[in-house]
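What the coordinates show
Read off the chains here:
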Amino acid sequence: MNLLVSTLGAPPDIIEETVGLFNYDDGVDFYRGNSAVGEMRDDLARLDEVWLVATDQKHIVKPNGKDILSVQESYNYILQKCSGYGAAIRVFVLGGVADIVNESDARAFHDLLLRVVAFARQKRGDGKMYLSLACGRKTMSTDMQDAAYVFGCDNLLHVLGDRKEDATPMLMGGLTPNESVKPQSVNFDEGPFLRCSPSNDYLCDIEQQKRQSQHFFTSYYLKEQEPRSNFHVLYTLPPSKIGQLKKEHIGIDELKEQEELAWLRQLPKSDLHCHLGGVLSPSEAVQVADLHPWKVEELTACHPAYINYLRSDMDENFKAFFKNGWKESIVASAEELGVPHYAVSYPLLLQFKGREEKLKRIWYGSLCNETVFCGVGIKKYEQLGDLQGSNLLDYGYGLEQTLKILLTRCYNENVKYLEIRCSPFNYTNENTSVDDVVLQICHTLEKVYAKIETSLIFIISRHRGDVSIQYVELVKRLKKESLFRKFFRGFDLAGDESIKKPEDVRESFMDIMKECYNITIHAGETEEVENIWQAVYHLNAERVGHGLHLLEKEDLLTKFLERGIGIELCPSSNFQIVGFRDNYFPKETENFSEYPLKMYLDNELKVSVNTDGPGISLTDMTHELHKAARMTKGGLSKWDVLQLICNGFRSAFYPYEQKKQLIRKVENEIGELIKHGRL
Ligand SMILES: [Zn+2]
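Structural notes on the overall build of the protein chain
Per the secondary structure count, the protein chain includes 30 helices and 19 strands. Here the protein chain holds 679 residues, and 44% of them are scored as buried. Within the protein chain, counting contacts between residues at least 6 apart in sequence, those at least 24 apart form 74% of the total.

Spelled out as structure tokens, the structure:
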């Protein structure tokens, strides 16, 4: 549909002059014989509709005896005059405002005009939109010009001269819309003659957006001194607000903690480093262990000894398992009873239904105390995860429940993008193949909280011999499934770094590299910088998990910058496994090193904050960002926090086009926070 929007004032004849430029034939041609107009028409399309915006003018007889028509009379007059031109006429009247006599009238008219032009832009579809400055008061022309600069148009025109013979319109050309203004969508009732209520809101919104977009140049180009660029939308803030975000530090004062957590929670976030085997807290493990009664009956029927196991003193059993190594005992008992692993672990955990706190106390012991749960080493940390992982995930129901708990938590913490790393070979049982397991994971991701964008990474374990071949085969088999292609992104090398160096697995990683899958490597968490070097040079790591010792090798740090390699820090797990200083416990942690996060930020590295084993660490993304601030001397500025979040999204293993869209969505969401003054 081709549309013309014009303001309407006295005299209404100008409208015929305007319409006559576009629509004409031998019967009606306003500009007959005017050769200049003939040429102009080459670039113009015929109009389907003409929309007029007017005040609620009443009929007036002037002292000199001349009449000013009411808006209704003007409309009737135009209908009659333009009837031969074949364009429908619509009038939008600023209800109750007879004339523009003060600022409030002027703003109300400006607001209505912007809304009508915005509506025209929505309605025209593939058609043209023309705007005319002629007709009406000068303020109305100014408003129309503003609308043209905000929404763009195919041509902005004016009609000149009062006498038919020499009147020649003026075309000022097309304008592109102001892309930094994101107009809200608008709606109007149907009908050719519409009275609209005066308002100021739409104008205020557009004005604020225009003001913000003007800050971009000064904020981004002139005052820009920080190393790595942050979310682009932040540079539309006035320099004073940016200064404030850089000045306000969090993670220092315990009294402000709740307020700071609320600020962090509202921010859109990503989590790039999250192990499925460590997402459950002890109480959530109990929640997952709710085995269906029919399943218990089925198992009892097949394995008579199983009923005796269920009748045994589970409290005592639990302690025994706990003492002799949870995983090993589960495996041994399951074999003895002839049942799957989950049949042993589920009833044990279920003993703690309603007493989840007790389970946590037994399981964590002195580590319930945050200052004690510091620098305990990787073994101790991983043992804490034994309650969950493969012994719960080898049952389809448990796998689905675990994913649901994880996704619900992410949803509540406003995590927009999540990468889950998992070991599907460890979750099989006698009835389910590894292919089934992977597809079940994909189905659950598709079904539950589909708004959280998720990716799947397979973990290749250092202590499990050479399993990379199996994984490559698995991926080759599943590649034909579109659901699998939707979620699968790449591989991670994990497990005790002292067991195998990256160079030891280079050969087996070649197949992965040949297929161009994404690669992230756990390196430099517990071992030295050499492992990070190897991850980069032997395995072409695009991201490194932890990489805590990078500052020790400056050339390698530079290489990280040159190649844009991401660093996934996981503050709570780094604190608990390795041990670092914490602003809340300066005395207790004084013997530990300074957390390298801030130095990484200052060195422009693409460092992000993630959860690792959120259930083991008893954390989530909101708390991880806060912990990152607590582990930084003097805390982190809000600007730094936003930079960390931005780095996370930019480091995502997401297909190029999807990643651009994701970042745009996140920029928009931050734009909304800015708009509502919540940043
Ligand atoms: Zn990890």
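From this point, things continue past the structure.
Concerning the packing of helix H20 (residues 468-478) against helix H22 (residues 506-514)
Contact geometry for H20 and H22: axes closest at 9 Å, N-to-C directions at 15°. Judged by the angle between their axes, H20 and H22 are roughly parallel. H20 and H22 meet at a crossing whose hand is left-handed. For the pair formed by H20 and H22, the contact residues are Ser468, Ile469 and Val472 on the first element and Ser508, Phe509, Asp511 and Ile512 on the second. Residue composition of the contact of H20 with H22, by class: four nonpolar, two polar and one charged.

Points about the sheet that holds strand S13 (residues 453-461)
Taking strand neighbours across the sheet as the criterion, the eight strands line up as S11-S12-S13-S14-S15-S16-S17-S18 in an open arrangement whose pairing is parallel. The outermost strands of the open sheet, each flanked by one partner alone, are strand S11 (269-275) and strand S18 (606-609). With strand direction ignored, the average angle separating the axes of adjacent strands in the sheet is 25°. Direction of pairing for strand S14 (residues 488-494) relative to strand S15 (residues 518-523): parallel, over a ladder of four bridges. The residue of S15 that forms the bridge with phenylalanine 491 is isoleucine 519.

A look at unusual backbone geometry
In this model, asparagine 540 sits at a positive phi of 50°, which is unusual for a non-glycine residue. Position of asparagine 540 relative to the elements: it lies in the loop between helix H23 (529-539) and strand S16 (543-546). By C-beta crowding, asparagine 540 is classed as partly exposed, having 15 other C-beta atoms within 10 Å. Backbone geometry at aspartate 612 places phi at a positive 65°, although glycine is not the residue there. Tracing the sequence through the fold places aspartate 612 in the loop between S18 and helix H27 (614-617).

Describing the domain arrangement of the protein chain
Its domain assignment divides the protein chain into domain 1 (3-205) and domain 2 (265-290 + 353-670). When each unit is reduced to the centre of its C-alpha atoms, the spacing between domain 1 and domain 2 is 58 Å.

Examining the pairing of strand S6 (residues 129-132)
Neither face of S6 is left uncovered, since the one carrying Met129 and Leu131 and the one carrying Tyr130 and Ser132 both have all their residues buried. In terms of strand pairing, strand S1 (residues 3-8) meets S6 through four bridges, oriented parallel. Each residue of the ladder has a partner; that of valine 5, found in S6, is leucine 131. Examined bridge by bridge, S6 and strand S7 (residues 155-158) share three bridges and lie parallel to one another. Across the sheet, residue tyrosine 130 finds its bridge partner in S7, namely asparagine 155. Handedness of the S6-helix H5 (residues 138-151)-S7 crossover: right-handed.

Some thoughts on the pairing of strand S12 (residues 415-422)
Of all eight residues making up S12, eight are buried, and the element is well covered by its neighbours. Here five bridges tie S11 to S12, and the two strands are oriented parallel to one another. What sits directly across from lysine 269, in S12, is valine 415. Across six bridges, S12 lies against S13 in parallel orientation. Its bridge partner lying in S13, cysteine 422 is registered against phenylalanine 458. Running through helix H19 (residues 434-447), the crossover from S12 to the neighbouring parallel element S13 is right-handed.

Reading the values: the criteria
- Residues numbered from 1 in each chain as written.
- Predicted model: local features only at pLDDT ≥ 70, side-chain atom pairs only at ≥ 80, totals over all residues.
- Helix = DSSP H or I, 4+ residues; strand = E, 2+ residues; numbered from the N terminus.
- Buried ≥ 20, exposed ≤ 12 C-beta atoms within 10 Å, placed from the backbone.
- Contact = placed C-beta atoms within 7 Å.
- Axes fitted to C-alpha atoms, helices over the stretch in contact; angles between N-to-C directions.
- Parallel < 35°, antiparallel > 145°, perpendicular 65-115°, else oblique.
- Left-handed = near helix turned anticlockwise from the far one by under 90°.
- Nonpolar A, V, L, I, M, F, W, Y, C, P; charged D, E, K, R; others polar.
- Pairing = 2+ DSSP bridges.
- Domains from an automatic or database assignment.
- Right-handed = clockwise from strand over helix to strand, strands pointing away.

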